[in-house]
Each structure stands twice: as structure tokens, then as C-alpha cells.
Amino acid sequence: MVDARLDPDRLRERLRSLDDLAAGAPPSDIEVVRAPGRVNLIGEHTDYNDGFVMPAAIGLEIRLAVLATDERRVVVSLEETGETGSFDLDAIGPATGGWIDYVGGTAWALQDAGYAIRGFRAILASDLPQGAGLSSSAALEMASALALLGPDGSAVPVGDRARIGRRAENAYVGVQSGVMDQFASAGGVADHAILLDCRSLEFRPVALPLPEVRLVVCHSGSRRRLEASAYNDRLVECQRAVAAIAQLDPSVRALRDVDDELLAATRDRMDEVAFRRASHVVAENARVVETERALAAGDLASVGKLFAASHVSLRDLYEVSSPELDALVDIATSVDGVIAARLTGAGFGGSTINLVRRDRIIALREAVERDYPARTGLQATIVDVNAVDGAGWIRDGIT
Ligand code: GLA
């Protein structure tokens, strides 16, 4: 059952109570769209290197109750605070640094790609925490894309919607992120992760070992630090490695095209930092493929090893972990019944993802409550999440 704040009828009434225009509209004219957050099981910082990722859309989401209007204007109010953001579709200004940028950026990117979009009045509710590394911004982009496109928006292919969201991040918001978060939010498959090739955008569902094993998110409670600039630096460092490798092998367009052997042969052509970043990406791509194989074979011990290797690589080679994330992984790994644990998403704070035997979630919770505050001075939040379908309109009877 979803959070009561997200109940579609309640959202319709809230929108009607906020706005004279909406108050005059029959509730049936107010459509509700949902878009989930995501966790990434494995394949971190590989997406903008044209590589492989394995995210799952999770049952924490953003909902917009939307009344289409004849105006060329978008007005969105937050259900929680009443704070309102707005912009004109024919004069979208530069990013402002606030949440409305993810709506405005999506509108800008859709129009730039030639889509006809509509004005609307909406109320936004969410049970997806911000700054937790669970892609609340991508979820807002994917919900906004459907709200702007209208009821037929779901017919726009997932990959096209995801690319639009990525463009909004890259060219409007100014974060040089890859396509993973938007793709997961738009194209998630219930009870599955998805293995996505970030170059071709081909994907396939990956069955999870449910219901015995659950996806458990531990939010570190630490704010992400320097995220946008440090994140963008990583892209530049990877590009340095690609440029050096391409001198030897001009067919290389991205780190996706590089294997261990080629990387070893070109090591002396690049600086130490570029080599560390590239080493992570090359090995991480291989780990994604191996994880799919291990899950299919029911080999959870190997999944645990692959997650552990991914975390260490993100900590030591990619340098995006934090003392808090390291502590959470360390504590989780010491709990019997925790199969796999690693940081998820960009890093620099945020959350870890854990595969946990259902009957051991309480033990994990107890261990984190006992040890984490002593090690970090912070409280962590632990959420047992479902893997859900990607963004869509909520039709009658479905909550
Ligand atoms: C963030 C970005 C994604 C991806 C991850 C790291 O979530 O938005 O595109 O790069 O970091 O894997």
C-alpha cells in the first residue's frame, strides 16, 4: 500500500482546494501520473561511459495530479508545503537551482526535440526522499514528461523519454549525468532489476531472488557533498583516459570499448587519476555482466563478492564513497543473512543497497542502530523496498 499522501483522490481534492481554476473542474478531469525512484544494484559510474547498469525502480515515488489547461504555462505546487513553482512554455528561463528546474528542463528538452507539449496546473506529492541517492530528480523529470505530453505520452518509447530527461540534466540543470536514473524510472519492471546497455539502450529484465531476498536501502543521513562538481570531474577524467587509449586504438569511443588488456597496454599514456577511474569502469562493466549470470544461476555468494568488489573499487579507484557509506557497508557485511551490500548511485553520501534475507532485515536494522551512530554520529534510515513498474498514468482503481 502506498503512502496515504499519494492517494489519487486525495491529490485531486488537494489540487481543487488550491486553485480556483481546478476548483471549477470535475475531479475526473484531473489525471494522476506516477514515477518511481530507483536503486542501482551494480554498474556505478558506467552509464556515461556507454557501459552497463543494473537498476531497479522502487516503490518510493513522485505523483503529480494534473489538470491540463489551455494556457502555455505550467504551475506546480508542493503538496507538503504549498510552495509553488511555474514557468511559461514559450519562454522557459534559465535554471533557478530549485526543484521546478526538473520540470522546466524536461519541458525545454521535449520542445527542443520537437514534441508538442501542453500547459497544466498540478500538485506534487512524494514519498521518495531527496538527496538520498534514489533519483528523486529523475523521477520528477519522468513524471513531468508524461504530464507535459498528456495521456499519449506513455506511447513515447522509454528510451526516448529517458534521453529527454538526461538532456534536461546535462544541458539545463548542468549535471553531466548518464541515462540510467531516467531509464529506470521510466522503464522499471515489477519484481525485476533491468540490465541496460547505456549505448544502445537495449535492456532486459533481470529476475530478483524474491521473495526470500529483499532489496533494503540504508540511507546514510549524510548530505551529498560537492556532488555536481565532483561528479562532472569524473566524466572529464574518464574522457582523458579515452583520449589516451584512442591514440593506440582509434576505434575506442568510450570506456565501454576498453578491456583489461588494452587498458594495461595504454597505462603509460595517461595520468594516474585517469588510469584509476578507467580501471574502475572497465572492471565494473564486467561485474554487471557477471552479476546477471550469478543471479540467473542462483549463486548469491558470487553476487555478494561482486557487490563487495564494486564498493571497494568505488571507494579506492573512483573515490566517490564516504566514511558513512563505508561504515554502512561494513556493518551490513558483518550481519549473517546480508547477501550483498554496496553504495548505490553517484556516491558522495546518499544510500547503500543491500540484498538481505527476508527474515534477517530485523538483524540488519538492529546492527545499524547499534553501531552506525557510534561510528559516524549520524542516524541511518532503513527501508525495505519493492521493485516496481516504471512511470505511468494511474488509471481507475489502481493506487
Ligand atoms: C547518478 C547519475 C547516474 C549515474 C550514477 C552513478 O545517479 O545520475 O547517471 O551516473 O550517478 O552510477
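Please read all numbers here as calculations on a predicted model, not as lab measurements. (Residues numbered from 1 in each chain as written. Predicted model: local features only at pLDDT ≥ 70, side-chain atom pairs only at ≥ 80, totals over all residues. Heavy atoms only, no water.)

1. A look at helix H1 (residues 8–18)
Because the α-helix completes a turn every 3.6 residues, residues three or four places apart line up on one side. Let me state the cut-off plainly: Only protein chains enter the accessibility calculation, which uses a 1.4 Å probe. A residue is then buried if its area is under 20% of the maximum for its type, exposed if over 50%, and partly exposed in between. Counting from the N terminus, the helices are the DSSP runs of H or I reaching at least four residues and the strands are the DSSP runs of E reaching at least two. As used here, the arc belongs to the directions running from the helix axis to the C-beta atoms. Whether two residues are in contact is decided by their heavy atoms, any of which lying within 4.5 Å being enough.
Here H1 has its buried residues at Pro8, Leu11, Arg12 and Leu15. One face of H1 carries all of its buried residues, which in axial projection span an arc of 105°. In H1, the exposed positions angled more than 90 degrees off the buried face are occupied by Asp9 and Ser17. Tucked into the core, H1 has its buried residues touching helix H2 (20–23), strand E1 (31–40), strand E3 (55–68) and strand E6 (120–126).

2. So, the pattern of salt bridges
Our working definition: Should a side-chain nitrogen of Lys or Arg be within 4 Å of a carboxyl oxygen of Asp or Glu, the pair is scored as a salt bridge.
If you walk through the whole model with that rule in mind, you get 31 salt bridges. A salt bridge links Glu284 to Arg342, with the nearest nitrogen and oxygen atoms 4.0 Å apart. In this pair, Glu284 sits in helix H9 (residues 272–296) while Arg342 sits in strand E10 (residues 338–344), placing the two residues 58 residues apart along the sequence. The class of Glu284 is buried, set by a relative accessible area of 0%. You can call Arg342 buried: its relative accessible area is 0%. One salt-bridge network, in which partners are shared between bridges, spans Glu44, Glu284, Arg287 and Arg342.

3. Re helix H3 (residues 100–112)
Stated precisely, the cut-off is as follows: The length a helix should cover is 1.5 Å for every residue beyond the first.
Between its terminal C-alpha atoms H3 stretches 18 Å, which fits the 18 Å expected from 13 residues at 1.5 Å a residue. Among the residues of H3, Ile100, Asp101, Val103, Gly104, Gly105, Thr106, Ala107, Ala109 and Leu110 are the ones counted as buried. Where H3 is buried, its residues touch strand E4 (73–78), strand E5 (84–88), E6, helix H4 (136–149) and helix H5 (158–173). Of the residues one or two after H3, Gly114 is the one with positive phi, at around 95°.

4. Things to note about the domain arrangement of the protein chain
Here is the rule: Those domain boundaries reflect an automatic or database domain assignment. Buried area is calculated as the accessible area (1.4 Å probe) missing from two parts once they are joined, with the contributions of both summed. Residues adjacent in sequence count toward polar contacts only when both atoms are side-chain atoms; beyond that, a polar contact is any pair of N or O atoms within 3.5 Å, and within protein one must be able to donate a hydrogen and the other to accept it. Side-chain classes follow a simple rule in which Ala, Val, Leu, Ile, Met, Phe, Trp, Tyr, Cys and Pro form the nonpolar group, Asp, Glu, Lys and Arg form the charged group, and the remainder, Gly included, forms the polar group.
Domain boundaries in the protein chain define domain 1 (4–207 + 388–394) and domain 2 (213–385). Each of domain 1 and domain 2 was reduced to a C-alpha centroid, and the two centroids are 26 Å apart. Facing 35 residues of domain 1, the contacting portion of domain 2 comprises 40 residues. Note on domain 1 versus domain 2: buried area summed over both sides is about 3,100 Å², and carbon and sulfur give 62% of it. By the criterion of area lost to domain 2, the three top residues of domain 1 are Ile42, Glu44 and His45, representing 21% of everything that side buries. Linking domain 1 with domain 2 are 4 salt bridges. If you look at where domain 1 meets domain 2, you find 20 residue pairs in polar contact (both at pLDDT 80 or more). Of the residues that constitute the side of domain 1 that touches domain 2, the class distribution is 16 nonpolar, 12 polar and 7 charged.

5. Examining the sheet that holds strand E12 (residues 381–385)
What counts is decided by this rule: Strands qualify as paired when DSSP identifies two bridges or more between them. Convention adopted: a line fitted to C-alpha atoms gives each axis, helices being fitted over their contacting stretch, and angles between N-to-C directions are expressed from 0 to 180 degrees.
Taking strand neighbours across the sheet as the criterion, the 4 strands line up as E10-E11-E9-E12 in an open arrangement whose pairing is antiparallel. Strands with a single pairing partner mark the edges of an open sheet, and in this sheet they are E10 and E12. Each strand of the sheet is rotated relative to its neighbour by a mean of 25°, with strand direction disregarded. Those strands touched by helix H10 (residues 300–316) are strand E9 (213–219), E10 and strand E11 (351–357), and its axis lies near 25° from that of E10.

6. As for the sheet that holds E1
With mixed pairing, the 6 strands of this open sheet are ordered in space as E5-E4-E6-E3-E1-E13. Edge strands, defined here as strands with exactly one partner in the open sheet, are E5 and strand E13 (392–393). As judged from the 7 bridges shared by E3 and E6, these two strands associate in the antiparallel manner. Note that in E6 the partner of Ile62 across the bridge is Ser126. With respect to the sheet, H1 is in contact with E1, E3, E4 and E6, its orientation differing from that of E6 by roughly 130°.

7. Some words on the site of the ligand
Spelled out, the test is: Near residues are defined by distance, with any heavy atom within 4 Å of the molecule or strand qualifying the residue. What sets the accessible areas is the Shrake-Rupley method with a 1.4 Å probe; for residues, cover comes only from the shown protein chains.
Taken together, Arg38, Glu44, His45, Asp47, Tyr48, Ser177, Gly178, Met180, Asp181, Tyr231, Gly345 and Ala346 make up the full set of residues near the ligand. One of the side-chain nitrogen or oxygen atoms of Arg38 is found 2.9 Å away from an oxygen atom of the ligand. Here an oxygen atom of the ligand sits 2.7 Å away from a polar atom, N or O, in the main chain of His45. Burial of the ligand by the protein amounts to 92% of the accessible area it has alone, namely 300 Å². Its residues assigned to classes, the shell around the ligand comprises 4 nonpolar, 4 polar and 4 charged.

8. Things to note about the pairing of E1
Along E1, 9 of the 10 residues are buried, which leaves the element largely enclosed by surrounding structure. The sheet contact formed by E1 and E13 spans 2 bridges and is antiparallel. Residue Val33 lies in a different strand from E13, and its bridge partner there is Trp393.

9. Notes on the side chain of Arg38
Considering the arrangement of structural elements, one finds Arg38 in strand E1. Within the structure, the side chain of Arg38 is placed 2.9 Å from the backbone oxygen of Gly133, a separation counted as a polar contact. One polar contact links Arg38 to Ser135, side chain to side chain, over a distance of 3.2 Å. In this structure, Arg38 is in contact with Pro55, Ala56, Ala57, Ile58, Gly133, Leu134, Ser135, Met180, Asp181, Ala184 and Gly345, ignoring residues within four places of it in sequence.

10. Re the pairing of E5
Of the two faces of E5, only the one carrying Gly85 and Phe87 is buried; Thr84, Ser86 and Asp88 on the other face are not. Note: E4 against E5, 5 bridges, orientation antiparallel. Looking at the pairing, Val74 lines up with Phe87 of E5. Between E4 and the antiparallel strand that follows it, E5, lie 5 residues; Gly82 among them carries a positive phi value of about 80°.

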